[in-house]
Protein chains: 2
Amino acid sequence: MVAPRLSLSAADPIVQALKEYSPDIKNSETHLAGVLNQAVGNPGKLIRARLVDAAATTHGMDRDGALQLACAVEYFHLASLLLDDLPCMDDAQTRRGRTCPHRVHGEAPTILSSLALINRAYALAGFALAGEATQIRLAAMGCLDACLGVPGLVGGQARDLAFAESDRSAREVGRIAAAKTGALFWLAIYFPALLAEPDAEEGHHLKALCLYWGLAFQAMDDLGDLAITKSGENQGKTAGRDYSMTRPNLALAMGEVATKRRVARLMVQATRVLTKLTERRSSWFYLMNFHREYFEANVRLVLPEMEASSMAI
Amino acid sequence: MVAPRLSLSAADPIVQALKEYSPDIKNSETHLAGVLNQAVGNPGKLIRARLVDAAATTHGMDRDGALQLACAVEYFHLASLLLDDLPCMDDAQTRRGRTCPHRVHGEAPTILSSLALINRAYALAGFALAGEATQIRLAAMGCLDACLGVPGLVGGQARDLAFAESDRSAREVGRIAAAKTGALFWLAIYFPALLAEPDAEEGHHLKALCLYWGLAFQAMDDLGDLAITKSGENQGKTAGRDYSMTRPNLALAMGEVATKRRVARLMVQATRVLTKLTERRSSWFYLMNFHREYFEANVRLVLPEMEASSMAI
């Protein structure tokens, strides 16, 4: 999936913060330093970090806190990418246009680097939230555990890897996408939204939004993987792996046309939820902005043949 | 190293808490559940958990909080064992008398299980500390990052694995032991001691104690590894690996006799620091108890030929 380039320059405060808050590698072992340098110094689109920064700022957190929280979520994401690419998982060769760190520096320094990022992420989240009310901190801790642990990312990745042994149904693909990709959106949306102490109805809408966005994101990624498999192109990461490794791919499981329809339907559902949220409290408008700037633009790239009007966005 | 068996039964509150607070594996992928079951259901001596429980209780934390904090530290330790045994690290075959989980369930579920334990550990630490003053929570977050991240466990393990490429000196062995084993004692001693808001002098003594205990523990472990290599015995974990894998081993680097003398000297240093601490505040006495119950007993087993009097303990 080719995403529209969001602003990304050395002067970008999030790019600067990512370097500033990263684990201190001075005097550390060479390969560990090498992996961390590559992981932190070669950022992606920073979608999640930008979402968290916007959320935290909107909900009244100061500049440093918002950037710490944004970096925390980005480090969790970076750690998951380092591990996903390992030989025992996706066995990827390249990531973000470069040879994967485990192929340059070894598997052990890569695993250790992911741990360094996770530890730093928890420390930053702890620092950023230190001044918040007890009930917000408790909710945030529970949310991180659910997003990153067995109910979320860890459990989803385990199912993902065991997919070949499953019934390989579209239902199982959806279940995995909800756990894996849904969890990372949950982390980027629901986690910082806890700062605003959402009421029951808002909480319900926010969870639905994470699910719709997560599933749409995964479906677009799967469409992209299928297209690359067909064309033989390479867009910076090892592609076509879903087919060759019998990994869950919605476009393979339910067909390309049905998958595109599904993306369109998820966009409609997300828009409905966003409308309800912004009608309830105008402060949720940063989510609508993200939907327009990121999802609408991407959907147009992935589904060019669909009329924009039929997507109701 | 054969440690004296501390009380360990199914009715043990720490053993019960370890099961109760472990990641919920109901409905989770089979291999993930298998690794977590084995890791949590086959506890070791629980030295660190007992230390944390004693510290937290002494420093006024309620029963649930103390057990949560104890489980958090034990889960961090279990996660590090799962990863240490992987083929890309120590390539161990057995642990605690059983085949290592990665050899039964695969490397990926093992890496994911260690992440599940780490996430759960952070959540438990967050819950246990939620009611503490902001400055205690901030200090605790910083301490976890230092213990577990690049300055501590992660950095020490990276140096450990790169040992073959180093000068293999006794100094490098000590540096690695201080980072790796020292960090885990730091986690079990210094981290819960933060609840008592130690002053500068107490902080200094506590850090010294972690270093002495960590180095003594590692030296005794290295002596044990060497003895097993010589005798061909196997005591539940893959032994004799330090020699075969060119891993840091103090007894190999500086000789057996010198290592035993070093252990005796470290015991004297630890006792001196403990005396200063308990003279300052009687609440530190739980550390003196641990020294007597655990270290004195172990040292007598490892150094039977040394007169107890010469060790001044």
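About the criteria used
Throughout, residues of each chain are indexed from 1 in the direction in which the sequence is written. Naming scheme: in the order in which they are written, chains are lettered from A and ligands are numbered from 1. Local features in this predicted model are restricted to residues of pLDDT 70 or higher, and side-chain atom pairs are both shown and tallied only at a pLDDT of 80 or more, whereas totals for entire chains, interfaces and linings draw on every residue. A run of H or I in DSSP counts as a helix once it spans at least four residues, and a run of E counts as a strand once it spans at least two, with each numbered from the N terminus. We call two residues in contact whenever the C-beta atoms placed from their backbones are within 7 Å. Working convention: axes come from line fits to C-alpha atoms, limited for helices to the stretch in contact. Angles between N-to-C directions cover 0 to 180 degrees. Any angle that is under 35 degrees is reported as roughly parallel, and any over 145 degrees as roughly antiparallel; angles of 65 to 115 degrees are reported as roughly perpendicular and all others as oblique. By the definition used in this description, the sense in which the near helix is turned from the far one sets the handedness, with an anticlockwise turn below a right angle giving left-handed and a clockwise turn giving right-handed. We call Asp, Glu, Lys and Arg charged. Ala, Val, Leu, Ile, Met, Phe, Trp, Tyr, Cys and Pro are nonpolar, and the rest, Gly among them, are polar. Note on terminology: a nonpolar core is any set of buried Ala, Val, Leu, Ile, Met, Phe, Trp, Tyr and Cys residues joined through C-beta atoms within 7 Å. Between the buried cut of 20 or more and the exposed cut of 12 or fewer other C-beta atoms within 10 Å of a residue's own C-beta lies the partly exposed class, and all C-beta atoms are placed from the backbone. Copies are brought into register by a least-squares superposition over C-alpha atoms of residues with pLDDT of at least 70 in both. The domain limits used here are those given by an automatic or database domain assignment. The quantity called pLDDT is the predictor's confidence in a given residue, expressed from 0 to 100. Two axes enter the bend calculation: one fitted to the seven residues ending at the residue in question, the other to the seven starting there, and the bend is the angle between them.

Of regular secondary structure, chain A possesses 14 helices and 2 strands. Counting only contacts in chain A whose residues sit at least 6 apart along the sequence, the fraction spanning at least 24 positions is 72%.

Residues and elements named next belong to chain A. The geometry of helix α3 (residues 47-58) relative to helix α14 (residues 285-302) is characterised by a closest axis approach of 10 Å and an angle of 155° between their N-to-C directions. With respect to α14, the axis of α3 lies roughly antiparallel. Crossing geometry of α3 relative to α14 is assigned as right-handed. Contacts between α3 and α14 involve Ile-47, Leu-51, Ala-54, Ala-55 and Thr-58 on the former and, on the latter, Tyr-286, Phe-290 and Tyr-294. Taken together, the residues of the contact of α3 with α14 break down into 7 nonpolar, 1 polar and no charged.

The next subject is unusual backbone geometry. Residues and elements named next belong to chain B. Although it is not a glycine, Arg-96 sits at a positive phi angle of roughly 50°. Unusually for a residue other than glycine, Glu-197 sits at a positive phi of about 45°. Turning to its location among the elements, Glu-197 is positioned in the loop between α9 (170-193) and α10 (200-231).

Formed by 203 residues in total, the largest nonpolar core has its most connected members in Ala-216 of chain A together with Ala-216 of chain B. Contacts of Ala-216 of chain A, omitting those with residues within four sequence positions, involve Val-263, Leu-266, Met-267 and Phe-295 of chain A.

For the match of chain B to chain A, the screw axis carries a shift of 0.0 Å, the RMSD comes to 0.0 Å, and the turn is 180°. In symmetry terms, the pair is related by a two-fold rotation axis. The position closest to the rotation axis in chain B is occupied by the C-alpha of Tyr-122 of chain B, lying 3.7 Å away. Here 100% of the interface residues in chain B have copies in chain A that are interface residues too; the copies meet face to matching face.

All names here are of chain B. Relative to the helices and strands, Thr-181 is located in helix α9. You can call Thr-181 buried: it has 22 C-beta atoms within 10 Å. Taking the C-alpha atoms as reference, Thr-181 lies 9.7 Å from Gln-157; in sequence the two are 24 residues apart. Each residue touching Thr-181, except ones within four places of it in the same chain, is listed here: Gly-214, Phe-217 and Gln-218.

On to the domain arrangement of chain A, then. Residue and element names in this part refer to chain A. Its domain assignment divides chain A into domain 1 (12-131) and domain 2 (133-313). Here the C-alpha centre of domain 2 lies 21 Å away from the C-alpha centre of domain 1. Taken together, the contacts link 25 residues of domain 1 with 22 residues of domain 2. The set of elements that each furnish at least two residues to the side of domain 1 that touches domain 2 consists of α3, α4 (63-84), β1 (94-95) and α6 (107-129). With 8 residues, the top contributor of residues to the side of domain 1 that touches domain 2 is α3.

The next point concerns the packing of α3 of chain A against helix α9 (residues 170-193) of chain A. Residue and element names in this part refer to chain A. Contact pair α3 / α9: the axes reach a minimum separation of 8 Å and the direction vectors enclose 10°. Judged by the inter-axis angle, α3 sits roughly parallel to α9. Of the residues in α9, those touching α3 at Arg-48, Leu-51, Val-52, Ala-55 and Ala-56 are Leu-184, Leu-187, Ala-188, Ile-189, Pro-192 and Ala-193. For the contact of α3 with α9, a count of residues per class yields 10 nonpolar, no polar and 1 charged.

Our next topic: helix α8 (residues 153-161) of chain B. Along α8 of chain B, 9 of the 9 residues are buried, which leaves the element largely enclosed by surrounding structure. In this structure, the buried residues of α8 of chain B make contact with α2 (30-41) and α6 of chain A together with α4 (63-84), α7 (134-148) and α9 of chain B.

Take the interface of chain B and chain A next. With 44 residues of chain B at the interface, the matching set in chain A holds 44 residues. Of all the elements, helix α6 (residues 107-129) of chain B adds the most residues to the side of chain B that touches chain A, at 14 residues. Per-class residue counts for the side of chain B that touches chain A are 26 nonpolar, 11 polar and 7 charged.

It is worth spelling out the confidence of the model for chain A at this point. Residues and elements named next belong to chain A. Averaged over every residue, the pLDDT of chain A is 86; the share at 70 or more is 87%. With pLDDT under 50 throughout, residues 1-8 is counted as low confidence; its partners more than four residues away or in other chains account for 16 contacts. Counting interchain partners and residues more than four positions distant, the pLDDT-below-50 stretch residues 307-313 has 12 contacts.

Time to look at α9 of chain B. Of all the bends in α9 of chain B, the greatest measures close to 40° and is centred on Trp-186 of chain B. Most of α9 of chain B sits out of view: 19 of its 24 residues are buried.

All names here are of chain A. Along the chain, Ala-121 falls in helix α6. The class of Ala-121 is buried, set by 26 C-beta atoms lying within 10 Å. C-alpha of Ala-121 to C-alpha of Ala-72: the two residues are 49 residues apart in sequence and 4.0 Å apart in space. Apart from residues lying up to four places away in sequence, Ala-121 is in contact with Ala-72, Tyr-75 and Phe-76.

What follows deals with the environment of Asp-160 of chain B. Residues and elements named next belong to chain B. Residue placement: Asp-160 occurs in helix α8. Given 22 C-beta atoms within 10 Å, Asp-160 falls into the buried group. C-alpha separation for the pair Asp-160 and Asp-90, spaced 70 residues apart in sequence, amounts to 9.9 Å. Non-local contacts of Asp-160, meaning those with residues more than four positions away in its chain, are made with Ile-176, Lys-180, Arg-247 and Pro-248.

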